[in-house]
Structure formats: structure tokens, C-alpha cells
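Architecture and fold: a report
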Amino acid sequence: MHKIAGLSINAWKAKDPILNNVMKMNEVFWTNPHYGNKQENPIVQAEQVKSAEERLNRFAKYIIKAFPETEPMEGIIESPLVEIPFMQKNLEKSYGTKIAGKLLLKCDSHLPISGSIKARGGIYEVLKRAEEIAMKHGGLKRTDNYGILASDDYKELFSKYSIAVGSTGNLGMSIGIISAKLGFKVTVHMSADAKQWKKDKLTSLGVIVKEYDDDYSKAVEEGRKEASLDPDCHFIDDENSMDLLLGYATAATRLKKQLKDMSITVDEDHPLFVYLPCGVGGGPGGITYGLKLAFEDDVHCFFAEPTHSPCMTLGLMTGLHDKVSVQDFGIDNKTEADGLAVGRPSALVSSMMTTMLSGSYTIEDRRLFELLKEMAETEGHYLEPSALAGAFGPIQLLSAPEGREYLMDQKLLDKMNQSTHVIWATGGSMVPKDMMELYLSKS
Ligand SMILES: *Cc1c(COP(=O)(O)O)cnc(C)c1O
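These numbers come from a predicted model, not from an experiment.

Right, let's get into the sheet that holds strand β6 (residues 162–167). Here four strands make up an open sheet; going across it, the order is β8-β7-β6-β9 and the pairing parallel. One side of each edge strand has no neighbouring strand; the edge strands of this open sheet are β8 (208–211) and β9 (233–236). In this sheet, adjacent strand axes meet at a mean angle of 20° when their direction is disregarded. Pairing of β6 with strand β7 (residues 185–190) involves six bridges; the strand directions are parallel.

Below, the structure is given as C-alpha cells:
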């Protein structure tokens, strides 16, 4: 019989009965039994996040030059944090559950340059690479005005180097757009589920797009293989990259400031809950890491995955991390949420999340489209399907028995009226109008 890490499926199910429902592709809410344990050897250090923040600050003058729409934000790529009271009422009505506390939307859907959460990690890693090359071969100094990197001389320098990445769409968009702008040769290896409009947009910018008739893991594997043949090619490894993770992690201190500006307190008596859609894990994992540095035990992070692609849930539940895929458990990895169509989690993120993540839950595609429409109609925020996975989190936390149990264990039940829930909206502003209309018609 088919075994996974030496155990039969039935043995795995006996260890964790929730697996029955995960395998049936039913919606589940899973709380992490290792949450809060001390991590033996932390893989990332706080100073690394700080140094990533400083690097992004150095690049601000370049970003303004290359993307003038970022001028009002002084070249810092950041998204709004907004209240969504009408959506909150609507969710309460639809699900018959009161959402105690304040409900906010973090609009990474509207991050400048590439309109998704990938504008954090992806752009950061390319900028870091550009800085290394410019310092080594172009005389750039840390104290220079980085606006000079937009000059023809630097473009000429960068054109001798290439960048490659494997993606379901949005990472490819971020890497493609910033790399092409700097002058790099750039190749994006796209999985079958990547949307045509994303490929077209990249092609129009001079990005080489290679398509595969297979899922995300294949696109990454092919990209990695091809890039390894060229010593001047930097492969952005979504499954293992520390730099991507650090770029994402910089979101946390910015969120902290936004909350402060809105006079929202986060402390022991005012818990913060954050709901993050998860694909391979880099985005939500990096942000969770940053949030844990910024708020420690006062923040509770949950990942959201499609019922057909619960790779991180399986990786954490079994403790097998990247050594298990959804297909091993008979799950097909077929979802309309293209940013989340990932069958195997990042090894780096899965092991980091072992003690940091409060839990995860799964959501059906049908519900993503319902929530998409409701978010558009109640608040006027137009998001892509993946981005709605977070919106189901507060309902599940407050109504699923496992969610209630978590709140009880953490002694949070009587603090919920002072709590804040942040739904992390991960993409949407670049979706073409006809595509958005199609999404809106699907519920
Ligand atoms: C990539 C992506 C995610 C998840 O990020 P990972 O780093 O793959 O976990 C969520 N939503 C959207 C829209 C994305 O593009």
C-alpha cells in the first residue's frame, strides 16, 4: 500500500483525525499544537529584517525615478490599511456569527508596481541583486543617491546579467517588471494555471515567458535547472529564498505604524489577528515572521489555503514540511485561486512556522467568489480570488469549534471586543476589467 514517510494513510489519519476532512477536500480549521514553543535555533535574525528595511530606504530615490506613481509615498512601496465595517456587517449577517472587534483590510492588492503581495518580496530580492552588482562592478556606494541606477550606464551594466523565476503568475509579474525596468535580462517560467493576461503583460515589457503544461513545482524546477547553467543568472527561488522572506517581513513595522496612526492599540489586552492567504508560504511566512518580531505574543497569525491545495496545512500537520505534497494525500491541487495553487510548501517557511503560526484553515473556491463579490459590493475593493481567502478567517476563528478552543486556550475570549482582525488582501488591482467581471459573475 501507498506509504508517506513510512506510514500508511490510515496511520496518518489516526495521528490527526482532521486529515480525514482535509483529504475529502472539506473546509477545515486547524490549530497548531506546537504554537508558542520556544524555537531552538531561529533561522532568521531580527537584524536581517532591519537591514532589509534600510536597503529599501536606500532604493527609494530609484523607485521614484523608475515608477513616478510612487512619488507621493516617497518611493516606499506600501499599501493602505483600511476599515471595512460594511463587509464586517455583511459577513456577520451571512454567517450568523458576530465578529467581535474591528475588521481591517490590508490592501496589498493595491501595492504599487505590480499590484500584489509579491511587490514586497520579489522586488526586494531583485533590488538586492542589483545593489550587489552595482557595488561590485559599477562603483555604487551606500551613501549615493540611488536615483543614478536609472541611468543608461547602469542599465547597460545590468543587461549583462540575468534573473529567472518560476511562478503561478504574481511573483513572475513582480520580478519581471522590476528586472526589466532595471535592465536585466529576465525569464519567467510560468505554471499552467498562470493567467494569460499576466503572461501578455510581461511579454509586452520584453520579459521572456516560458510556459509549462504542469503545476507550480514544475515551473520552479525547470527555471532552477535552466538558471544553473548560466553563472551570471540569479534564480529567485520561491521555495527557499531568505531574501524573498526578508522583503516580505518588512511589512510588519510598517503595519505597526499604520495601526498606531489609526489609534489602534495592540497589547496583551488588545489582541491582533491576521489572516494570510498561503501558496508556497514565502509571503505569509515572511509577514508572520515580521509580525512576531513586532508584536510577539500579542499577534495571532493564521494561514488560509484552498481546500484543493492545502500544502502548508499538510506540511505542518504531518511535520514533513516539503517532504509531503497534496498529491501524496490524493488531493488534486486544482483551484481558481492561481496564487495559491501550490502542492508542496517551502521547506524554509514550513519549518519556521512550526512554532510561530497559530493555525490554518481551508476554503472552497465557491466561497472565494462569494466573498469577492461581497467585498466589491459592500466596500468597493476589487480583489483577485486568492486574496479573499483571508476574509473567511474571522468567521472560522469565532465559529469553528477549533477556533473557539484556541481562543479559550490563549485566554482571549473575554478580550475579543478589544481585538483587531486584519484580512491580508494579496492581489487584485491589476486584474483586467473583463476578467474582474467574469469573477464577479461566478458567485
Ligand atoms: C503568491 C500569492 C499568495 C501567497 O504567497 P506565497 O508566498 O506563495 O505563499 C497569496 N495571494 C496572491 C494573490 C498571491 O499572488
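Picking up where we left off.
Looking now at the site of the ligand. Around the ligand there are 15 residues in total, and K118, N170, G281, G283 and T426 lie nearest to it. Within the side chain of N170, one N or O atom sits 2.7 Å away from an oxygen atom of the ligand. Separating an oxygen atom of the ligand from a backbone N or O atom of G282 is a distance of 3.2 Å. Starting from 380 Å² of accessible surface for the ligand in isolation, the protein chains cover 99%. In terms of residues, the shell around the ligand owes the most to one element, helix α12 (residues 282–295), which gives three residues. When grouped by side-chain class, the residues that make up the shell around the ligand number five nonpolar, eight polar and two charged.

Applying the stated criterion across every chain, the model contains 30 salt bridges. Salt-bridge contacts for E222 lead to K218; the nearest nitrogen and oxygen are separated by 3.4 Å. Of the two residues, E222 and K218 are both situated in helix α9 (residues 216–228); the distance of four residues between them amounts to about one turn of the helix. What makes K218 partly exposed here is its relative accessible area of 29%. Note that K225 is salt-bridged to E222, the shortest N-O span being 3.4 Å. Remark: E222 and K225 occur in helix α9; sequence separation between them is three residues, near one turn of the helix. Using a relative accessible area of 47% as the deciding quantity, one classes K225 as partly exposed.

Before going further, it helps to examine the UniProt feature "modified residue: N6-(pyridoxal phosphate)lysine" (unreviewed entry) in the chain. The UniProt feature table records "modified residue: N6-(pyridoxal phosphate)lysine" (unreviewed entry) at K118. Tracing the chain through its elements places K118 in helix α5 (residues 118–137). Its relative accessible area of 15% is what places K118 among the buried residues. Excluding anything up to four places from it in sequence, K118 contacts I123, N170, L171, S174 and Y248.

Moving on, we come to unusual backbone geometry. Look at I113: it is not a glycine, yet its phi comes out positive at around 80°. In this model, N333 sits at a positive phi of 60°, which is unusual for a non-glycine residue. Secondary-structure assignment places N333 in the loop between α13 (311–318) and α14 (347–353).

Another point: the UniProt feature "domain: Tryptophan synthase beta chain-like PALP" (unreviewed entry) in the chain. In the numbering used here, UniProt assigns the feature "domain: Tryptophan synthase beta chain-like PALP" (unreviewed entry) to residues 76–393. For residues 76–393, helix accounts for 43% and strand for 15%, while the C-alpha atoms at its two ends are 29 Å apart.

Bringing the packing of aromatic side chains into the picture now. Counted according to the given criterion, the structure contains twelve aromatic pairs. Through a chain of ring-to-ring contacts, three or more aromatic side chains come together here, namely F29, Y35, Y95, Y275, F302, Y361, F392 and Y406. The lysine or arginine in question, K181, covers the ring of F67, its NZ or CZ lying 5.2 Å from the ring centre. Here the basic side chain of K256 rests over the ring of F295, its NZ or CZ set 5.4 Å away from the ring centre.

Take K38: it is sitting in the loop between β3 (29–31) and α3 (46–66). Separated by 318 residues in the primary sequence, K38 and M356 have C-alpha atoms spaced 9.1 Å apart.

What follows concerns the domain arrangement of the chain. The assigned domain composition of the chain is domain 1 (3–43 + 74–113 + 245–441) and domain 2 (118–240). Measuring from the centre of the C-alpha atoms in domain 1 to the corresponding centre in domain 2 gives 27 Å. With 33 residues of domain 1 at the interface, the matching set in domain 2 holds 22 residues. Summed over both sides, the interface of domain 1 with domain 2 buries roughly 2200 Å², with 58% coming from carbon and sulfur. Put simply, domain 1 and domain 2 have four salt bridges between them.

All right, on to α9 then. The end-to-end C-alpha separation of α9 is 18 Å, in line with the 18 Å expected for 13 residues at 1.5 Å each. When α9 is considered as a whole, its buried residues turn out to be Y216, A219, V220, E222, G223 and A227. The arc enclosing the buried residues of α9, seen along the axis, measures out at 165°, which places them on a common side. Packed against the buried residues of α9 are β6, β7 and β9.

Before going further, it helps to examine the sheet that holds strand β13 (residues 420–425). Pairing within the open sheet is mixed, and its seven strands lie in the order β3-β12-β11-β10-β13-β5-β4. Because the sheet does not close on itself, it has two edges, and the strands there are β3 and β4 (81–83). Across this sheet, the average inter-strand angle for adjacent strands is 25°, counted without regard to direction. Where strand β5 (residues 102–107) and β13 come together, six bridges link them in parallel fashion. Bridge pairing links L105 to I423 in β13. Against the sheet, helix α15 (residues 365–379) contacts β4, β5, β11 (299–306) and β12 (359–363), and its axis sits at roughly 90° relative to β12. Running over the sheet, helix α17 (residues 401–409) touches β3, β10 (272–277) and β11 and is turned about 30° from β3.

What counts, and at which threshold
- Residues numbered from 1 in each chain as written.
- Predicted model: local features only at pLDDT ≥ 70, side-chain atom pairs only at ≥ 80, totals over all residues.
- Heavy atoms only, no water.
- Pairing = 2+ DSSP bridges.
- Helix = DSSP H or I, 4+ residues; strand = E, 2+ residues; numbered from the N terminus.
- Axes fitted to C-alpha atoms, helices over the stretch in contact; angles between N-to-C directions.
- Near = heavy atom within 4 Å.
- Polar contact = N/O pair within 3.5 Å; in protein donor to acceptor, adjacent residues only side chain to side chain.
- Areas by Shrake-Rupley, 256 points an atom, 1.4 Å probe, with all protein chains shown as cover.
- Nonpolar A, V, L, I, M, F, W, Y, C, P; charged D, E, K, R; others polar.
- Salt bridge = Lys/Arg side-chain N within 4 Å of Asp/Glu carboxyl O.
- Buried < 20%, exposed > 50% of the residue type's maximum accessible area, 1.4 Å probe, protein only.
- UniProt positions renumbered as here; feature names shortened; annotations may be inferred.
- Contact = heavy atoms within 4.5 Å.
- Phe/Tyr/Trp six-rings, centres within 6.5 Å; stacked < 30°, edge-to-face > 60°.
- Lys NZ or Arg CZ within 6 Å of the ring centre and 35° of its normal.
- Domains from an automatic or database assignment.
- Buried area = accessible area lost by both parts, 1.4 Å probe.
- Expected span 1.5 Å × (residues − 1).
- Arc of directions from axis to C-beta.

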